[in-house]
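Listed below, chain by chain, are the residues.
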Amino acid sequence: MQVAAQKIVVLGTGGTIAGTAGDASDNIGYTAGQVGVQQLLEAIPGLAKAAGGGELVTEQIAQVDSKDMDHAIWQRLSERCAVHLADPEVRGIVITHGTDTLEETAWFLRLVLDARKPVVLTCAMRPATALSPDGPQNLLDAMAVATAEGAHGVVAVAAGTVHGAEQVRKVHPYRVDAFDSGESGPLGWVEEGQVRLARDWPAAEPLYPQLPWSRAGEAPPANPASAVDWPRVDIVLSHAAASGRVVDLLAADGVDGLVVAATGNGTVHAALEAALLRAQMAGVAVRVASRCPLGRVLPRPGDALQAETQGLGAVKTRVSLMLHLLAARHRR
Ligand code: SIN
């Protein structure tokens, strides 16, 4: 029997969108992750209509300032996404999230979920108690994306703009319009509740189908957060007067992978590079991302360290490498 997919699931993780300040004119001295996701939704007139009149279901996955995002929350979030995506009654998922690490969570979900329905992250730069909060409009816009004809894949919506998980980056610490999609430009815009696409919806298939959250059309097996032995992947920065000391210490401490945020076209300070080569020889997986916010690293023949060539930047490259190492463990 065909079931009409009407339900929109809203998963709350905290962030400024759920933040409160003592003074309504204070947009920086607030505490993130205070208001529950159900309460956030109840405060927005017209939200049910924006969700196409279907049922709105909320779940509080976490209540954190996203600077404190961790792998256990990612696991819980992806497990719940996988369960809801497999439910034929669910039309799409909206996730409320802090802006600071939204791009990392979006990329993680992009890599692990079979998102044949839309998974829409949204956020706010101003707390829920602000005189003029941006969260309510962002939530309305996220609903428009979650219910748009043909929508699928993991995307982010903020300030009326729709970004793909691969491209989205936070580029401003304060401005309400704090996100950018770099050279690709945004996926589209939300205008008076209507989505106008500039490009096709992103691919839905997971890049790591062997991981437990990625099975098409079925809920993942019960898998408590403690069960995943996350590979440890850290980021180091190549900068003027860099040394290799931190890399030697991390390697001695048992790190599984290292991403270097390199200068320009993937170049690394000689002292740091020597230490990264030592770490690689000792079995640490190393990837090179550029510090430059635009463009892609063009690899050179004979490069001793592997460059990330998609233009992901260091924080998303860290997520990719961690999942690559995790998937390799699942293959064994
Ligand atoms: C956070 O990322 O949780 C705090 C900052 C924000 O959401 O803008």
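## Comments concerning the sheet that holds strand β3 (residues 90-96)
Adjacent strands of a sheet pair through backbone hydrogen bonds, lying either parallel or antiparallel.
Now for step 1: Sheet architecture is open: eight strands sit in the order β2-β1-β3-β4-β5-β6-β9-β10, paired in mixed fashion. Whereas interior strands pair on both sides, the edge strands pair on one side only; in this sheet they are β2 (56-64) and β10 (194-197). Looking at each pair of strands side by side, their axes are set apart by 25 degrees on average, direction ignored.
Now for step 2: Here strand β6 (residues 161-164) runs beside strand β9 (residues 188-191); their pairing, made up of two bridges, is antiparallel. Across the sheet, the residue bridging to Val162 is Gly188, located in β9.
Now for step 3: Sitting on the sheet, helix α3 (residues 71-85) touches β1 (7-14), β2, β3 and β4 (118-122), and the angle it makes with β2 is about 170 degrees.

## So, the side chain of Ser66
Now for step 1: Residue position: Ser66 is located in the loop between β2 and α3.
Now for step 2: Overall, the relative accessible area of 2% leaves Ser66 in the buried class.

## Digging into the pattern of salt bridges
Now for step 1: Following the criterion strictly, the structure yields 13 salt bridges and no others.
Now for step 2: Note that Lys67 is salt-bridged to Asp68, the shortest N-O span being 3.0 Å.
Now for step 3: Judged by its relative accessible area of 55%, Lys67 is exposed.
Now for step 4: The class of Asp68 is partly exposed, set by a relative accessible area of 42%.
Now for step 5: The partner of Arg232 in a salt bridge is Asp234, with the nearest N and O atoms 3.5 Å apart.
Now for step 6: Among the residues examined, Asp234 registers a relative accessible area of 25% and is labelled partly exposed.
Now for step 7: Residues participating in the shared-partner salt-bridge network are Lys7, Asp87 and Glu89.

## A short note on the nonpolar core
Now for step 1: Membership of the largest hydrophobic core comes to 53 residues, with the highest contact counts inside it found for Ile95, Leu109, Leu113, Val119 and Leu323.
Now for step 2: Mapped onto the domain boundaries, this core takes at least three residues apiece from domain 1 (7-197) and domain 2 (231-331).
Now for step 3: By size, the runner-up hydrophobic cluster in this structure holds 28 residues, among which are Ala18, Ala124, Leu139 and Leu187.

## Considerations on the packing of helix α4 (residues 102-112) against helix α8 (residues 314-331)
Geometrically, a packed helix pair is captured by the angle between its two axes and the distance between the axes.
Now for step 1: Put simply, α4 and α8 touch, their axes get as near as 9 Å, and they point 30 degrees apart. Two packed elements cross with a definite hand, and for α4 against α8 that hand is right-handed. Of the residues in α8, those touching α4 at Glu103, Glu104, Trp107, Phe108, Leu111 and Val112 are Val315, Lys316, Val319, Ser320 and Leu323.
Now for step 2: Looking at the contact of α4 with α8, its residues break down into seven nonpolar, one polar and three charged.

## Here we look at the domain arrangement of the protein
Now for step 1: Partitioning the protein into structural domains gives domain 1 (7-197) and domain 2 (231-331).
Now for step 2: Centre-to-centre separation of domain 1 and domain 2, based on C-alpha positions: 30 Å.
Now for step 3: Facing the 15 residues of domain 1 at the interface are 16 residues of domain 2.
Now for step 4: Of the roughly 1,300 Å² buried between domain 1 and domain 2 on both sides combined, carbon and sulfur atoms contribute 59%.
Now for step 5: Counting the surface domain 1 buries against domain 2, the share from its top three residues, Trp107, Glu166 and Arg169, is 43%.

The rules behind these values
Numbering of residues starts from 1 in each chain and follows the order in which that chain's sequence is written. A pLDDT threshold of at least 70 governs which residues receive local features in this predicted model, and a stricter bar of 80 or more applies before side-chain atom pairs are shown or counted, although totals over entire chains, interfaces and linings include all residues. Hydrogens and water molecules were not included; the side-chain quantities draw on all heavy atoms of the structure. A pair of strands is treated as paired once DSSP finds two or more bridges between them. Starting at the N terminus, helices and strands are each numbered in turn, a helix being any DSSP run of H or I of at least four residues and a strand any DSSP run of E of at least two. Orientation is described by lines fitted to C-alpha atoms, with helices fitted over the stretch in contact, and by angles between N-to-C directions that extend from 0 to 180 degrees. In what follows, a contact means two residues having at least one pair of non-hydrogen atoms within 4.5 Å. A simple rule labels every residue: compare its accessible area, found with a 1.4 Å probe on the protein chains alone, to the largest value its type can have, and call it buried under 20%, exposed over 50%, or partly exposed in between. Salt bridge, as used here, is a side-chain nitrogen of Lys or Arg placed within 4 Å of a carboxyl oxygen of Asp or Glu. Throughout this description, the term nonpolar core refers to a set of buried Ala, Val, Leu, Ile, Met, Phe, Trp, Tyr and Cys residues connected via side-chain atoms within 4.5 Å. Note: domain ranges come from an automatic or database domain assignment. Should the near helix be turned anticlockwise from the far one by less than a right angle, the crossing is termed left-handed; should it be turned clockwise, right-handed. Residues are sorted three ways: Asp, Glu, Lys and Arg are charged, Ala, Val, Leu, Ile, Met, Phe, Trp, Tyr, Cys and Pro are nonpolar, and all the rest, Gly among them, are polar. The term buried area means the drop in 1.4 Å probe accessible area that two parts suffer when joined, counted for both and summed.

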